[in-house]
Amino acid sequence: MAATHSSEVGDLVQIKKQLISIIAQCKERGLVHSVKWASELAFSLETLPLHEIPPQPELTEEDAQDLDALCLAKSYFDLKEYDRAAYFLCGCRSQKAYFLYMYSRYLSGEKKKDDETVDSLGPLEKGQVRNEALRELRVELSKKHGAGELDGFALYLYGVVLRKLDLLKEAVEIFVAATHALPLHWGSWLELCNLITNIEMLKSLSLPDCWVRDFFMAHMYTELQMIKEALQKYQSLMEAGFAKSTYIISQMAVAYHNIRDIDQALNLFNELRERDPFRIENMDTFSNLLYVRCMKPELSYLAHNLVEIDKYRVETCCVIGNYYSLRSQHEKAALYFQRALKLNPRCLGAWTLMGHEYMEMKNTSAAIQAYRHAIEVNKRDYRAWYGLGQTYEILKMPFYSLYYYRKAHQLRPNDSRMLVALGECYEKLSQQVEAKKCYWRAYSVGDVERMALLKLAKLHEQLNESDDAAQCYIIYIQDIFSCGEQLVHAEVSTALRYLGQYYFKNKLYDEASLCAQRCCDYNDAREEGKALLRQISAVREQGEHSSTDITLPCVFNPLSNNTTPVRRVSPLDLSSVTP
């Protein structure tokens, strides 16, 4: 089946035909997730007239011989009676029957493993239960592969078996071969996504030039936190004709969630709910956004709605968990995340969220276990690395914290929260120079929580670097005022207090007086402000004048060596600020 070249995404009729064809092939083999993906895409394209619908592929002699056994086995397979399906396919020779025979054996092993896991282990115990069929399947599939007898579907299954046996390098090679043999089978691409750890590895792979590759690259960019590139890719796919695709809308919503563009993400999720009101996938991500925004009524509505649709879905349990967490009922929340993990032990979000709940309940050892499980499922989950860092910080183990925060920072180099956390760790380890770099970098990349400059100023203060401390406090105050946040910001008074004293020491009495007056607007600094005003009056009465030498620091001396971007600012002008 030839796949259209990526530059010809415009030929939508051809793509629609290919999708119809691959849907039929995946259906025959019980590959339900690939069927769903292709069907959602096909549904977003224009309907084909009757004469354009592709005919069923002709049966080979082997297909004809295996037809009855295949029909019988597929009926058992659909009823999840995998051993029974495999029994009736044993000895069949067609490619289709061989795939279903091997796939039935694989799924039988998976089902037994899951049953055993649920029976014997609580979700926080480490599951050492293995799929017993894997080794045999690997031996048989590798023989066939050596003889060049595996088609695209069988290569995909061989890759899955290798991945499950932790033979990741071999698995990548096989999945790449599977995408070349059958570029339209989304399952192979998706498996590849889970194995690629960085952009260098992605660039090194030789992938087929086909329109599905664009979807793969967009998905991959999202996974590697290259959100700008992912959104551009999805935007161009929508413009190419996939504008109605719920798959693309959901992927874009997740991408916006990852860069914390909450408004855009919420808009897309609401659009998704309008188009596909009974959809459950990605609703756990939607609930994370509602949680962050403290939108209790909306989260409650979503939870009730999903319970009505299907209360035994992983996503539903996560949404209910978030709902209870927002109401500070952490034990109940943890219970629902545990339920989600009973349903799917590889559910990444549930492990991370459960870690957060255990943190809230001060159960650090359980939190550590939960975060470690999340990392086992996906090493790219920065929230789990960050969570581990926080947990070890609570346990007063900064060396450990530093390791985990570094990992989180590598995954999210432009996230100020990771940088501030790193700075705090370096401070605890008395590595002040590193701490300063982290705080300044956090400010440079756009400080979400507006804490970096404050921490940097306090660090300079501790080290008696008064010029640098004053400089940071100045930029901090200007930042707070310019962003329009409430002036009842606890730390503005700290900055004003320091600057008042700083200007006073440098005999800049007008500026000191202005800071002291502003201090009087804050309860915790009022007395100090009044005291400073009295001091200034006393000095002025003695006939001492303000210094005319306004050489305030303009550069961060400790950082000026390493090309850190620096904002030069004038002395603090608070005349325009009205609390």
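Each chain carries its own residue numbering, running from 1 in the written order of its sequence. The predicted nature of this model means local features are confined to residues of pLDDT at least 70 and side-chain atom pairs, given and counted, to a pLDDT of 80 or more, with totals for whole chains, interfaces and linings taken over all residues. To obtain the side-chain values, all non-hydrogen atoms of the structure were used and water was disregarded.

Novice: Mind showing me how you'd approach the overall build of the protein here?
Specialist: Check the secondary structure of the protein and you find 29 helices and zero strands. Burial classification: accessible surface area is computed with a 1.4 Å probe over protein chains only, and a residue below 20% of its type maximum counts as buried, one above 50% as exposed, and the rest as partly exposed. The 579 residues of the protein split such that 51% are buried. Contacts: residue pairs with any heavy atoms within 4.5 Å of one another. For the protein, the share of sequence-separated contacts (at least 6 apart) that also reach a separation of at least 24 residues comes to 59%. Surface accessibility of the protein: about 28,300 Å² in total, with carbon and sulfur atoms responsible for 51%. Note on conventions: DSSP H or I runs of at least 4 residues are helices, E runs of at least 2 residues are strands, and numbering of each starts at the N terminus. Per-residue and other accessible areas were derived by the Shrake-Rupley procedure at a 1.4 Å probe size, with only the shown protein chains allowed to occlude residues.

Novice: When you look at the environment of Ile320 in this model, what are you seeing that I'm missing?
Specialist: Tracing the backbone through its elements, the reader meets Ile320 in helix α17 (residues 314-326). The spacing of Ile320 and Leu306 is 14 residues in sequence and 9.0 Å in space, taken between C-alpha atoms. Beyond its immediate chain neighbours, meaning those up to four positions away, Ile320 contacts Ala303, Val307 and Tyr336.

Novice: What's the story with the nonpolar core in this structure? I'm lost.
Specialist: Membership of the largest hydrophobic core comes to 189 residues, with the highest contact counts inside it found for Phe215 and Phe216. The greatest single-element share of this core, amounting to 10 residues, is contributed by helix α26 (residues 466-482). When sequence neighbours within four positions are dropped, the list of residues in contact with Phe216 reads Trp186, Trp189, Leu192, Cys193, Ile196, Leu202 and Leu207. Only buried residues count toward a nonpolar core, which is a set of Ala, Val, Leu, Ile, Met, Phe, Trp, Tyr and Cys residues joined through side-chain atoms within 4.5 Å.

Novice: Is there a simple way to think about the packing of helix α7 (residues 152-164) against helix α8 (residues 168-181) in this case?
Specialist: A pair of packed helices is captured by two measures, namely the crossing angle of their axes and the spacing between those axes. The axes are straight lines fitted to the C-alpha atoms, using for helices just the contacting stretch, and the angles between their N-to-C directions are given from 0 to 180°. Relative orientation of the contacting elements α7 and α8 amounts to 165 degrees, with a least axis distance of 8 Å. Taken together, the axes of α7 and α8 lie roughly antiparallel to each other. Crossing handedness for the pair α7 and α8: left-handed. Here α7 contributes Gly152, Leu155, Tyr156, Tyr158, Gly159, Val160, Leu162 and Arg163 to the contact with α8, which in turn contributes Leu168, Glu170, Ala171, Ile174, Phe175, Ala177, Ala178 and Ala181. Class assignment of the residues belonging to the contact of α7 with α8 gives a composition of 12 nonpolar, two polar and two charged. Put simply, angles under 35 degrees are roughly parallel, angles over 145 are roughly antiparallel, angles from 65 to 115 are roughly perpendicular, and the rest are oblique. Each crossing is labelled by how the near helix is turned from the far one, with a counterclockwise turn of less than a right angle marking it left-handed and a clockwise turn marking it right-handed. Residue type decides the class: Asp, Glu, Lys and Arg count as charged, Ala, Val, Leu, Ile, Met, Phe, Trp, Tyr, Cys and Pro as nonpolar, and the leftover types, Gly among them, as polar.

Novice: Please clarify how the confidence of the model for the protein should be interpreted in this entry.
Specialist: A low pLDDT means the predicted coordinates there should not be read in detail. Predictor confidence is given residue by residue as pLDDT, running from a minimum of 0 to a maximum of 100. The predicted model of the protein has a mean per-residue pLDDT of 86, with 88% of residues at 70 or higher. This stretch, residues 1-8, has a pLDDT under 50; its non-local contacts, to residues over four places away or in other chains, come to 24 contacts. Across residues 552-579 the pLDDT falls below 50, and counting only partners more than four positions away or on other chains, this stretch makes 70 contacts in the model.

Novice: Looking at this structure, I do not really get the packing of aromatic side chains. What am I missing?
Specialist: The way to describe two aromatic rings as a pair is by their centre distance and the angle between their planes. Any two rings among Phe, Tyr and Trp, with Trp reduced to its six-membered ring, count as a pair given centres within 6.5 Å; such a pair is stacked if its planes are under 30 degrees apart, edge-to-face if over 60, and tilted if neither. Under the criterion given, the structure shown has 31 aromatic pairs. Relative to Phe175, the ring of Tyr156 has its centre 6.4 Å away and its plane inclined at 50 degrees; by these criteria the two rings are tilted. Here the residue Tyr156 occupies a position in helix α7, and Phe175 occupies one in helix α8, the gap between them amounting to 19 residues. A relative accessible area of 11% places Tyr156 in the buried class. Of the residues examined, Phe175 reaches a relative accessible area of 0% and is grouped as buried. A network of ring pairs unites the aromatic residues Trp37, Trp186, Trp211, Phe215, Phe242 and Tyr247 as a single cluster. Over the aromatic face of Tyr98 sits the side chain of Lys144, whose NZ or CZ is 4.5 Å from the ring centroid. We call a charge positioned over a ring when the NZ of a Lys or the CZ of an Arg lies within 6 Å of the ring centre and within 35 degrees of the ring normal.

Novice: Help me understand the layout of surface pockets, please; the structure alone is not making it clear to me.
Specialist: If a probe as big as a water molecule is rolled over the atoms, it shows which places are left empty. Cavities and pockets are found on a 1 Å grid laid over the protein atoms alone: a cavity is a set of points where a 1.4 Å probe fits but cannot escape, a pocket is an open set with protein on both sides within 12 Å along at least five of seven lines, and a lining residue has an atom within 4 Å of such a point. Grid points are joined across faces, edges and corners, and a volume is the space filled by probe spheres set on the points. Each pocket or cavity is described by its volume, and for the second largest pocket that value is around 480 Å³. Glu28, Arg29, Leu59, Asp63 and Lys96 are, among the 20 residues lining the second largest pocket, the residues nearest its centre. Element by element, the count of residues in the lining of the second largest pocket is highest for helix α3 (residues 61-78), at seven residues. Considered class by class, the residues forming the lining of the second largest pocket number six nonpolar, five polar and nine charged.

Novice: Is there a simple way to explain the pattern of salt bridges in this structure?
Specialist: Opposite charge on two side chains allows them to pair when their charged atoms are near. Salt bridge, as used here, is a side-chain nitrogen of Lys or Arg placed within 4 Å of a carboxyl oxygen of Asp or Glu. By the definition in use, this model includes 30 salt bridges. In this structure, Glu281 and Lys36 form a salt bridge, with 2.4 Å as the shortest nitrogen-oxygen distance. Of this pair, Glu281 sits in the loop between α14 (262-275) and α15 (283-292) while Lys36 sits in helix α2 (residues 32-44), placing them 245 residues apart in sequence. For Glu281, a relative accessible area of 22% gives the class partly exposed. For Arg380, the salt bridge identified is with Glu223, shortest N-O distance 2.8 Å. Taken as a pair, Arg380 in the loop between α20 (364-377) and α21 (382-394) and Glu223 in helix α11 (residues 211-223) lie far apart in primary sequence, 157 residues in all. Residue Arg380 is classed as buried on the basis of its relative accessible area, which comes to 10%. Judged by relative accessible area, which is 24%, Glu223 ranks as partly exposed. Shared partners join several salt bridges into a network, and the residues in it are Glu28, Arg29 and Lys96.

Novice: Any chance you could explain the side chain of Asn288 here in plain terms?
Specialist: Checked against the element boundaries, Asn288 lands in helix α15. Taking the relative accessible area as the measure of exposure, Asn288 reaches 14% and is therefore buried. Setting aside residues up to four positions removed in sequence, Asn288 forms contacts with His257, Asn322, Leu353 and Arg383.

Novice: Please explain α14 as it appears in this structure.
Specialist: Count 3.6 residues to each turn of an α-helix, and residues three or four apart come out pointing the same way. Take the residue count of a helix, subtract one, and multiply by 1.5 Å to get its expected span. In a regular helix each residue adds 1.5 Å, so 14 residues correspond to 20 Å; α14 covers 20 Å between its end C-alpha atoms and thus fits that length. Looking at the packing, one finds that the buried side of α14 touches α13 (246-258), α15 and α16 (296-310).

Novice: Looking at this model, I keep getting lost on the packing of helix α22 (residues 398-411) against helix α23 (residues 416-428). Mind explaining?
Specialist: Packing of α22 against α23 leaves a shortest axis separation of 9 Å and a crossing angle of 155 degrees. Here α22 lies roughly antiparallel to α23, going by the angle between them. Note on packing geometry: the crossing formed by α22 with α23 is left-handed. Between α22, through Pro398, Ser401, Leu402, Tyr405, Arg406, Ala408 and His409, and α23, the contact on the second element is made entirely by Met418, Leu419, Ala421, Leu422, Cys425, Tyr426 and Lys428. Here the residues of the contact of α22 with α23 are counted per class, giving 10 nonpolar, two polar and two charged.

Novice: What should I look at first to understand a nonpolar patch on the surface in this one?
Specialist: On the surface, a nonpolar cluster with roughly 310 Å² of combined accessible area is contributed by Leu72, Tyr87 and Phe88. Looking at the secondary structure, you find Phe88 in helix α4 (residues 82-89). Judged by its relative accessible area of 33%, Phe88 falls in the partly exposed class. Every patch collects residues that have over 30% relative accessible area and no salt bridge, joining them within 9 Å if they carry like charges and within 5 Å if they are nonpolar side chains (Val, Leu, Ile, Met, Phe, Trp, Tyr).

Novice: I tried to follow a negative patch on the surface on my own but got confused; where do I start?
Specialist: In this tally, Lys and Arg are treated as positive and Asp and Glu as negative; His is ignored, and so are the chain termini. One atom stands in for each charge, and that atom is NZ of Lys, CZ of Arg, CG of Asp or CD of Glu. A grouping of Asp114, Asp115, Glu116 and Glu132 is seen on the molecular surface, where their side chains present a negatively charged patch. Mapped onto the fold, Asp115 is located in helix α5 (residues 95-120). Relative accessible area serves as the criterion here: at 41%, Asp115 is assigned to the partly exposed category.

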